[in-house]
Amino acid sequence: MPEPRRVLILGGGHAGVRAARTLLKQRRPADKLDITMVSRENVEVWHGLMPQIVSGVLQAQHVLIPLREILPGVTIYTREIESIDPVNRRAVLSLGGESDEVTLEADYLVIALGSVTDLSRFPGLTEHALQTKTIGDFIHLRNHLIEMLEAASVTTDPAERRRRLTFVVAGAGYAGVEIASEANEFLRASLRSYPMISPGELRMITVDILSRVLPTFSDRLANRVVERMRHRGIELRLGVGVKEATATAVVLTDGTRIETRSIVATVGIGTNPLVRALPVKLQRGRIPCDPFCRVPAWPRVFAVGDNAAVPDPGSGQPFGAMVMVAFGEGEQAARNILADIRGQPLEPCHPARFGEVALLSRRYGVAQVRGIALHGWPASLVSRALFLSFMPTWRRRLALMLHWMGTAVLPDNLTPLPIGRSNTVVPMRFGAGENIVREGELSGRFYIITAGEVEVLHRVDGQEKPIRRLHAGNYFGELALLGDRRRTATVRAVTDTSVLSIARQDFTALVEHLPALQDALDRSP
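About the criteria used
- Residues numbered from 1 in each chain as written.
- Predicted model: local features only at pLDDT ≥ 70, side-chain atom pairs only at ≥ 80, totals over all residues.
- Heavy atoms only, no water.
- Helix = DSSP H or I, 4+ residues; strand = E, 2+ residues; numbered from the N terminus.
- Buried < 20%, exposed > 50% of the residue type's maximum accessible area, 1.4 Å probe, protein only.
- Contact = heavy atoms within 4.5 Å.
- Lys, Arg positive; Asp, Glu negative; His and termini not counted.
- Charge placed at Lys NZ, Arg CZ, Asp CG, Glu CD.
- Expected span 1.5 Å × (residues − 1).
- Pairing = 2+ DSSP bridges.
- Axes fitted to C-alpha atoms, helices over the stretch in contact; angles between N-to-C directions.

Draft legend 1. Structural view of the overall build of the chain. A tally of regular secondary structure across the chain gives 15 helices and 33 strands. By principal-axis analysis of the C-alpha atoms, the chain measures approximately 75 × 70 × 45 Å. For the chain, with 525 residues in total, the buried portion stands at 50%. Summarising the internal contacts of the chain: among those between residues at least 6 apart in sequence, 68% fall at separations of at least 24. Looking at the chain, you have 63 positive and 55 negative side-chain charges, and the mean spots of the two groups are 6 Å apart.

Draft legend 2. Just helix 11 (residues 377-390), in detail. In a regular helix each residue adds 1.5 Å, so 14 residues correspond to 20 Å; helix 11 covers 20 Å between its end C-alpha atoms and thus fits that length. All of the buried residues along helix 11 are Ala 379, Ser 380, Ser 383, Arg 384, Leu 386, Phe 387, Leu 388 and Phe 390.

Draft legend 3. Representation of unusual backbone geometry in the model. Of note in the backbone geometry, Arg 284 takes a positive phi value of approximately 55° without being a glycine. You can see Arg 284 is positioned in the loop between helix 9 (273-276) and strand 20 (287-288). Looking at Arg 284, the relative accessible area reads 85%, which means it is exposed. For Asp 461, which is not glycine, the phi dihedral falls at a positive 55°. Inspection of the secondary structure puts Asp 461 in the loop between strand 29 (453-460) and strand 30 (463-471).

Draft legend 4. The pairing of strand 32 (residues 490-493), seen in detail. The two faces of strand 32 match: Thr 490 and Arg 492 on one face and Val 491 and Ala 493 on the other face are all buried. Bridge analysis of strand 27 (residues 435-437) against strand 32 gives 2 bridges, and the strand direction is antiparallel. Bridge pairing in strand 32 places Val 437 opposite Val 491. Bridging between strand 29 and strand 32 involves 4 bridges; their strand directions are antiparallel. What sits directly across from Val 454, in strand 32, is Ala 493.

Draft legend 5. Up close: the sheet that holds strand 29. Taken in spatial order, the 4 strands line up as 27-32-29-30 in an open sheet, and their pairing is antiparallel. The open sheet has two free edges, formed respectively by strand 27 and strand 30, since each of these has just one partner strand. Between one strand and the next, the sheet's axes are offset by a mean angle of 35°, whatever the strand orientation.

Structural measurements only, silent on function.
The structure is reproduced here in C-alpha cells:
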C-alpha cells in the first residue's frame, strides 16, 4: 500500500483555509492525502466584519469560525511555528513551554502565514497605538472608547477632557474608513448616556498619507465616502501622514500636533518574520511565485495570500493582497497539488474579482460589483449578502443574519468586555529530583528561584556533569532565551524548589527596553 501524501499548510487564515477546504472537497481515495494545518489559533478570523464589533453590531463569535468545524479530517496544530525549512518541507513547532517541540515534514508545503503589524517606522505608535489585527484588539478598542467617555465625563481638566474626546485613526483604506465610521457612530449614539458631554466636543479624525480614501474604489464612490464621513462629523486629513506619537498626542508629517489619548493604527502592514527568515530574495516582502502558486526555488512548495507574489498571467504583475485574491490563490494551490499528484497539468491562478464592498454603519455601505456602483442602504444589503455567501455553513449564515436584523432595531449596548492578561509572572514548584529544564530542548520561560536549591548540569561525553548550584535569589534560563532558544544545560531541583517564571515574550520585552537588566545579565557568571 502506498504511503499517504502529506500536505502541510502553515497558516489558518483565508488562503490556508481555502486550500484545505478545496483539498477536502476535491480529493479522491486514490490520492491518499494526509492534510495537516498549523494555526496559532483554532479559528478563521473574518477581518472584514471585525469593525462592527466596535459599534456592537456584531459579537466576537460572529467573526470567528472554528477550524475543526469546517475542516473535518484535517489534523490541526494550534502552535507557534519556530522555524521553516522549505528545502526539506519541514516546520518546527512549539507551544512556548519547556520541552514542547514538534517537527512536521511533508511532501507538499503551503505557506499561508499572512502578514503582521509593523509600526516600527512610526516612532511612538508601537507603544501607544491601539492596534487592529486580532479579535482581542477590537474588543480592547471598544472597551477603550467606553473608558474615554467615562473618564471625560468626570474630569475637571479642560485640556485632558479634550484629549479623551479626540480620536485619531491612522489610515484611510478599508480598515481605517470602516473603523472610524463604526467608532464614530458608536460614540455619538452613546452620548445619550453621557448628558454632560455635548456632541460638539467629540472629534473623530482620520489621517492618511494618500490623497484619497479606499484606493481600490472608483473616484465617484470614494468621494461619496468622503462626503458621508464629513457629514457624520469625521474630520479627514488626507495627503498627510503620521510622523510620531506620544502618550498624549500624535504629530503629523506637516507638523500638526493633535492632543489625544486614542490613536488607532490601521497602517504598518509588515512581512511575517518567518517569511523574512526564509532563504529566498523576497519581492516587496512576498515570496516570488510562478502563475501556479509554486515557489520555483523549492520543489513542491506553494505560497498563497499575503505571503505570495503570484503574477497575473495577463499583466505579469503580482496580484494584490486582497481577500478575494487569497481565496483564489488558496483554492488554486490546492487544485494544483492534486493535479501534481495525479500527473495532470497545472493551471495558472485567476482569482475571481466579484467586486469591492465596505460597510460604514448599520444602514450605509459602498459597493462596486461587476461594474455597478452602489452606495447607501442598497450597498449595505449587497455587502451583507456577500459576507453571508462566504460563511461556510447555513447555521452560521442564519446566526449572522439574525444578529444583523436584531441590532438594526435594538439600541447600542454600552457594556464593556474587559479582557486582560493574567499570570504573566507564574509561580511554580518542583519536587526534589525533578528537572526544571533539560539541555537541548526549546526554551519558553525565564526562572527566578524564590526558595530551595537547584543544580546545573552539562552533558559531557554522554554523562551529566554538575557545573554549579543555585539558591534563592539566583536565576537561570536567560542564555537560551537570548540565544538560539535551545537550553544549554539541565537544571534539576536538589530540594523542594519554588520559582517565579516569566514567559519568553515578556522577558525579551523587559530586556529590550531595560538596558540595565541587559547589562546585569551580561555580567552574570
